[in-house]
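Descriptive structure summary
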Amino acid sequence: MRRQLRVARPVRDLARSLEMYRRGLELSVLGHFEDHAGFDGVMLGVAGADYHLEFTRCRRHEVIPAPTAEDLLVFYVPDEAEWQSACERMQRAGFRLVTPFSCRVVPQREAWPPK
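All figures in this text were calculated on a predicted structure; none of them were measured in a lab. (Residues numbered from 1 in each chain as written. Predicted model: local features only at pLDDT ≥ 70, side-chain atom pairs only at ≥ 80, totals over all residues. Heavy atoms only, no water.)

Turning to the pairing of strand β6 (residues 105-108), a few remarks are in order. As a general feature of sheets, a regular strand has side chains that alternate between the two faces. Here strand β5 (residues 73-76) pairs with β6 via four bridges, running parallel. Looking at β6, one finds that Leu73 is bridged to Val105. Taken together, β5, helix α2 (residues 80-93) and β6 constitute a β-α-β crossover, and its handedness is right-handed. (Pairing = 2+ DSSP bridges. Helix = DSSP H or I, 4+ residues; strand = E, 2+ residues; numbered from the N terminus. Right-handed = clockwise from strand over helix to strand, strands pointing away.)

A separate point is the side chain of Arg89. Residue placement: Arg89 occurs in helix α2. Under the relative-accessibility criterion, Arg89 is labelled buried at 16%. Engagement of the side chain of Arg89 in a polar contact is seen with the backbone oxygen of Gly24, the distance being 3.3 Å. If we skip the residues at most four places from it in the chain, Arg89 touches Arg23, Gly24 and Glu26. (Buried < 20%, exposed > 50% of the residue type's maximum accessible area, 1.4 Å probe, protein only. Polar contact = N/O pair within 3.5 Å; in protein donor to acceptor, adjacent residues only side chain to side chain. Contact = heavy atoms within 4.5 Å.)

This part takes up α2. Residues separated by three or four positions in an α-helix point in the same direction, a consequence of the helix having 3.6 residues per turn. In this model, α2 (14 residues) spans 20 Å end to end at C-alpha, consistent with the 20 Å of a helix rising 1.5 Å per residue. When we look at burial in α2, the residues that qualify are Ala86, Cys87, Arg89, Met90 and Ala93. For α2, the angular spread of the buried residues around the axis is 165 degrees, confining them to a single face. Turned more than 90 degrees away from the buried face of α2, the exposed residues are Glu80, Ala81 and Arg92. Close packing links the buried residues of α2 with α1 (14-25) and β6. With a side-chain oxygen positioned 3.2 Å from the backbone nitrogen of Ala81, the residue opening α2 is Asp79. (Expected span 1.5 Å × (residues − 1). Arc of directions from axis to C-beta.)

In this structure, Tyr21, Leu25, Leu53, Phe55, Phe95 and Val105 are the most contacted members of the largest nonpolar core, which totals 16 residues. Those elements that provide at least two residues to this core are α1, β3 (39-45), β4 (51-58), β5 and α2. Looking at this core element by element, the count peaks at four residues for α1. Those residues in contact with Phe95 that sit more than four places away from it in its chain are Met20, Tyr21, Gly24, Met90 and Val105. (Core = buried A, V, L, I, M, F, W, Y, C linked by side-chain atoms within 4.5 Å.)

All right, on to unusual backbone geometry then. A positive phi angle, near 55 degrees, is found at Glu26, a position not held by glycine. Within the secondary structure, Glu26 sits in the loop between α1 and β2 (28-36). Non-glycine residue Asp35 carries a positive phi angle of around 50 degrees. If you trace the backbone, Asp35 turns up in strand β2. Residue classification places Asp35 among the partly exposed residues on the basis of a relative accessible area of 44%.

Structure follows, in structure tokens:
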């Protein structure tokens, strides 16, 4: 049985989040919805992959994102040149370089599964 994973998160600025993740992580828009039970959303990912990200915004009331220091998205990029390119692209897209325990998206320079 094929399984898929969706990570859904509320965001304050749907358009900004969409643009940052599209440009910074080279993700494609896989789908979107408007005013579904009061929510707008967009799904981003890689076509054919078994995962995607969903960002939502509530039209009726502000949902304030409240991630903890341990909430991370880790993307495994084993090739060093590709990893460096991804880091630079993410910064150009608006991601900020931060210290551990304050980051949310991690381009990990190793293959999955780790050895």
